[in-house]
Amino acid sequence: MQTKAPSKFVTCARCKATFEVDEADFATGRQVRCGGTGCDHEWFQTADRLQTLPNGMELVEYPQEMKDRIAAGKSAEPVGRFNIFVGNLAYSVAEDDLREVFEGIGSVAKVIIMTDDDGRPRGFGFVNMEEEAAGARAVKELD
């Protein structure tokens, strides 16, 4: 019974796109370009630095939202650049509620409501905005 050799892949350091490759093409190394996502990042890759795809995992296409972000020159996922402390929250406020309020002003990378050891909200949290200007505007408008 013949078994398929484990898949090898490379990951772009800029946009995090991952591509399956043939290890034989990389013997002592070669230039690689991430062109499938519009990123166009280039790097030198050697065969001994290729990654192995774990059993039971498969590579999937980026969702359209991520492709659109990359085409616009942004990272595939939002990266927080402006962290905002939000205090005096009602204990009933959920992270999705807080995200919804701030997304009206700009792209939100992450929302976290702090909890105690029992998982109960502590009445404050943090919203990490992708753009500094949007973060400053949110502080001004929502304070």
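Residues numbered from 1 in each chain as written. Predicted model: local features only at pLDDT ≥ 70, side-chain atom pairs only at ≥ 80, totals over all residues. Heavy atoms only, no water.

Undergrad: Please explain the overall build of the protein as it appears in this structure.
TA: Helix and strand counts for the protein come out as 3 helices and 8 strands. Scanning the protein from its N terminus toward the C terminus, one meets helices and strands in the order β-β-β-β-β-α-β-α-β-β-α. For the protein, whose C-alpha radius of gyration is 21 Å, the value lies well above the compact-globule estimate of 15 Å for 143 residues. C-alpha extents for the protein along the principal axes are approximately 60 × 35 × 25 Å. (Helix = DSSP H or I, 4+ residues; strand = E, 2+ residues; numbered from the N terminus. Rg over C-alpha atoms; globule rule 2.2 N^0.38 Å.)

Undergrad: What should I look at first to understand the sheet that holds strand β7 (residues 108-115) in this one?
TA: In any sheet, the strands associate via hydrogen bonds between backbone groups, in a parallel or an antiparallel arrangement. Within the open sheet, the 3 strands sit side by side as β6-β8-β7. Their pairing is antiparallel. The open sheet terminates on both sides in strands that have one partner only, identified here as β6 (82-86) and β7. When strand polarity is set aside, the average angle formed by the axes of neighbouring strands in this sheet is 20°. Where β7 and strand β8 (residues 121-129) come together, 6 bridges link them in antiparallel fashion. Among the inter-strand pairings, K110 is bridged to a residue of β8, identified as N128. On top of the sheet, helix α2 (residues 95-103) reaches β6, β7 and β8; it is set at about 140° to β7, its chief contact. (Pairing = 2+ DSSP bridges. Axes fitted to C-alpha atoms, helices over the stretch in contact; angles between N-to-C directions. Contact = heavy atoms within 4.5 Å.)

Undergrad: Looking at this structure, how should I read the pattern of salt bridges?
TA: Any two side chains of opposite charge can pair, on the condition that their charged atoms come close. Taken as a whole and judged by the stated rule, the model has 8 salt bridges. Residue D25 pairs with R30 through a salt bridge whose shortest N-O separation is 4.0 Å. In this structure, the salt-bridge partner of E130 is R69, at a minimum N-O distance of 2.4 Å. Placement of the pair is E130 in the loop between β8 and α3 (132-142) and R69 in helix α1 (residues 64-71), with a sequence separation of 61 residues. In this pair, the class of E130 matches that of R69, namely buried. One network of salt bridges, in which partners are shared, links D116, D118 and R120. (Salt bridge = Lys/Arg side-chain N within 4 Å of Asp/Glu carboxyl O. Buried < 20%, exposed > 50% of the residue type's maximum accessible area, 1.4 Å probe, protein only.)

Undergrad: Explanation requested: a negative patch on the surface in the structure shown.
TA: Taken together, E95, D96, D97 and E100 make up a surface patch of like negative charges. Within the secondary structure, D96 sits in helix α2. According to the relative accessible area criterion, D96 is exposed, its value standing at 61%. (Patch = residues over 30% accessible without salt bridge, like charges linked within 9 Å, V, L, I, M, F, W, Y side chains within 5 Å. Areas by Shrake-Rupley, 256 points an atom, 1.4 Å probe, with all protein chains shown as cover. Lys, Arg positive; Asp, Glu negative; His and termini not counted. Charge placed at Lys NZ, Arg CZ, Asp CG, Glu CD.)

Undergrad: Can you help me understand the packing of aromatic side chains in this one?
TA: Both the distance between ring centres and the angle between the ring planes are used here to describe each pair of aromatic rings. Under the counting rule described, the total for this entry stands at 3 aromatic pairs. Ring centres 5.7 Å apart and planes at 35° place the aromatic pair F85 and F124 in the tilted group. With F85 in strand β6 and F124 in strand β8, this residue pair connects regions lying 39 residues apart in the sequence. For F85, a relative accessible area of 53% puts it in the exposed group. Summarising the aromatic geometry, the rings of F85 and F126 are spaced 5.7 Å apart at their centres and angled 65° between planes, so their arrangement reads as edge-to-face. In this pair, F85 sits in strand β6 while F126 sits in strand β8, placing the two residues 41 residues apart along the sequence. Through a chain of ring-to-ring contacts, the aromatic side chains of F85, F124 and F126 assemble into a single cluster. Here the basic side chain of R30 rests over the ring of F26, its NZ or CZ set 4.9 Å away from the ring centre. (Phe/Tyr/Trp six-rings, centres within 6.5 Å; stacked < 30°, edge-to-face > 60°. Lys NZ or Arg CZ within 6 Å of the ring centre and 35° of its normal.)

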